[in-house]
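# Close look at the chain arrangement
Single-letter residue listing:
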Amino acid sequence: MAYDENLKVEHPTFVTHLECSYTGERYPADEVHGLSRAGKPLLVRYDLDGVRKALTKEALAKRPPDFWRYRELLPVRRTADIVSLGEALTPLVPLPRTAARAGASELIVKDEGRLPTGSFKARGLALAVSMAKALGIKHMAMPTNGNAGAALAAYASHCGIKTTIFCPEDTPEVNVSEIALQGAAVYRVNGLIDDCGKIVGEGKTKVGWFDTSTLKEPYRIEGKKTMGLELAEQFGWEVPDVILYPTGGGTGLIGMWKAFAELEAIGFIGKKRPRMVAVQASGCAPMVRAFEQGEEHAPRWENAHTIASGIRVPQAVGDFLILRAVRESNGFAIAVSDEAISAALDEVARQDGFLMCPEGAATYAAWKQGLVDGRIRKDERALLFNCATGLKYPLPPIRRTLDRHKPIDFASL
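Below is a short write-up of the structure. The structure presented is a predicted model; accordingly, all values stated were derived computationally and were not measured. (Residues numbered from 1 in each chain as written. Predicted model: local features only at pLDDT ≥ 70, side-chain atom pairs only at ≥ 80, totals over all residues. Heavy atoms only, no water.)

Turning to a nonpolar patch on the surface, a few remarks are in order. Where nonpolar side chains cluster on the molecular surface, the patch consists of Leu402, Ile408, Phe410 and Leu413 and spans about 460 Å² of accessible area. Relative to the helices and strands, leucine 413 resides in the segment after β13 (382-386). Here leucine 413 falls in the exposed class, since its relative accessible area comes to 63%. (Patch = residues over 30% accessible without salt bridge, like charges linked within 9 Å, V, L, I, M, F, W, Y side chains within 5 Å. Areas by Shrake-Rupley, 256 points an atom, 1.4 Å probe, with all protein chains shown as cover. Salt bridge = Lys/Arg side-chain N within 4 Å of Asp/Glu carboxyl O. Helix = DSSP H or I, 4+ residues; strand = E, 2+ residues; numbered from the N terminus. Buried < 20%, exposed > 50% of the residue type's maximum accessible area, 1.4 Å probe, protein only.)

Taken as a whole, the largest pocket encloses approximately 750 Å³ of empty space. Lining the largest pocket are 38 residues, and of these Ile193, Thr214, Gly249, Val313 and Gln315 sit closest to its centre. For the lining of the largest pocket, the secondary-structure elements that each account for two or more residues are α6 (147-159), α8 (193-206), α9 (219-234) and β10 (242-246). Of the residues contributing to the lining of the largest pocket, the split by class is 13 nonpolar, 15 polar and ten charged. There is about 500 Å³ of room inside the second largest pocket. Examining the composition of the lining of the second largest pocket, we find that six residues originate from one element, helix α13 (residues 338-352), more than from any other. Split into classes, the residues belonging to the lining of the second largest pocket amount to 15 nonpolar, six polar and four charged. (1 Å grid on protein atoms, 1.4 Å probe; cavity = no way out; pocket = protein on both sides within 12 Å on 5 of 7 lines; lining within 4 Å. Points joined across faces, edges and corners; volume = space filled by probe spheres on them. Nonpolar A, V, L, I, M, F, W, Y, C, P; charged D, E, K, R; others polar.)

A separate point is the environment of arginine 289. Inspection of the secondary structure puts arginine 289 in helix α11 (residues 286-292). Arginine 289 sits in the partly exposed class, given a relative accessible area of 28%. Taking the C-alpha atoms as reference, arginine 289 lies 9.0 Å from isoleucine 334; in sequence the two are 45 residues apart. What arginine 289 contacts, discounting residues up to four positions off in sequence, is Pro299, Arg300 and Trp301. Polar side-chain contacts of arginine 289 include one of 3.4 Å to the backbone oxygen of arginine 300. (Contact = heavy atoms within 4.5 Å. Polar contact = N/O pair within 3.5 Å; in protein donor to acceptor, adjacent residues only side chain to side chain.)

Our next topic: the pattern of salt bridges. Per the counting criterion, the structure on display carries 31 salt bridges. Arginine 114 is the salt-bridge partner of aspartate 111, the closest N and O atoms lying 2.6 Å from each other. On the accessibility criterion, aspartate 111 (7% relative accessible area) is buried. The partner of lysine 225 in a salt bridge is glutamate 222, with the nearest N and O atoms 2.7 Å apart. Of this pair, lysine 225 and glutamate 222 are both found in helix α9, three residues apart, which corresponds to roughly one turn of the helix. Of the two residues examined, lysine 225 and glutamate 222, each falls in the buried class.

Backbone hydrogen bonds hold the strands of a sheet together, and the pairing may be parallel or antiparallel. Strand order across the open sheet formed by six strands is β4-β5-β13-β10-β11-β12, with mixed pairing between neighbours. Looking at the sheet topology across the chains shown, the edges are occupied by β4 (92-94) and β12 (332-336). The sheet shows a mean angle of 25° between the axes of neighbouring strands, direction not considered. With five bridges joining them, β10 and strand β11 (residues 275-281) adopt parallel strand pairing. By the bridge assignment, proline 246 is partnered in β11 with valine 279. Lying on the sheet, helix α10 (residues 251-265) is in contact with β10, β11 and β13; it crosses β11 at an angle near 175°. (Pairing = 2+ DSSP bridges. Axes fitted to C-alpha atoms, helices over the stretch in contact; angles between N-to-C directions.)

A word on the environment of phenylalanine 268. Residue placement: phenylalanine 268 occurs in the loop between α10 and β11. On the basis of relative accessibility, which here comes to 7%, the residue phenylalanine 268 falls in the buried class. Taking the C-alpha atoms as reference points, phenylalanine 268 and arginine 52, separated by 216 residues in sequence, lie 8.8 Å from one another. Among residues more than four places away in sequence, those in contact with phenylalanine 268 are Leu55, Thr56, Lys57, Leu60, Trp237 and Leu263.

What follows concerns empty space enclosed by the protein. What the rule picks out here adds up to two cavities of 30 Å³ or more. The computed volume of the largest cavity comes to approximately 50 Å³. Around the largest cavity sit Val32, His33, Ala128, Met131, Ala132, Leu135, Ile137, Phe210, Glu217, Pro218 and Tyr219, which together line it. In terms of residues, the lining of the largest cavity owes the most to one element, helix α5 (residues 121-135), which gives four residues.

So this is what it looks like as structure tokens:
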């Protein structure tokens, strides 16, 4: 089995059409699409009976361990259009000391920081850029809080597509530099990510770029969907009891919920679903507010702020899809404070040696809060998503020093 077999061996493809997630209106496959006529995200639909006949668990197990192994459930039709930077399967990492300290039986992290560009944004953008290549798109643009822009820049540069990226003015310098170094024209904007999104939208007709904003094209969902396909396979075609997901635009939560339905349809899993928990920061929690008020849509959150910049999304175009998945799964939406996020990051690093990003730490803080208020049981298998490597974020300074010219008090060390 060659390491790049998934990138070179052709497999049958089963995309039938695209569908408006709100009205059900059908759109033809293999054409450039943005939002539906109703202004809602489009979902890729497959001939799942065909997939069921073509793909077996045994055949899948023999393929190299990257997410392109799921080709029959992905929209890229030809291997020549695959744009890959080495998307390895991300590990499930148990946190035994952290779980034991909380009196819980099992706590697991799926570490998305192992992907190219150091975050789970690589999943969505690998598919979006591959499909852009297949459809002949030459210029892509997006708003970003950092990691998505880095992924778009990297994948687009890898296949020669031009990129223009806009980020809030307080985006960490490491993210802005990463985006620029990987070939994009990047601009800081004195506003939040939705303000950046307005610029991208205005430029569609004036500049002619393709709007790659979250859920404004159909294929980032398909990339993020691989998280659900992958973790189900890693759990032996079972699913965890609870998934806690850091939720900004919510593409991954929506994608995983889609993945579980498709896996059941092809006979790979049963009817059991994890309870999906949308985790937000208390300084930017539009989904939590809408969930608690029983609303279908989440109005814009004013004056959004949080140290977890990846979930600082004041308004999401796929709000109703996020809320639908949470409610259908009997899950919930929860907000945690920045203080709780910082404490969570410190706890997991010190107790289990696992450095989370702030957004990932928010899921641990939410898990602890859920244990206290009874919404999560201690005997449930809980899965946290660490969406990026913690090394991409500012770390607290360490002040301990020793003067080698003075006697050292080893008893105090």
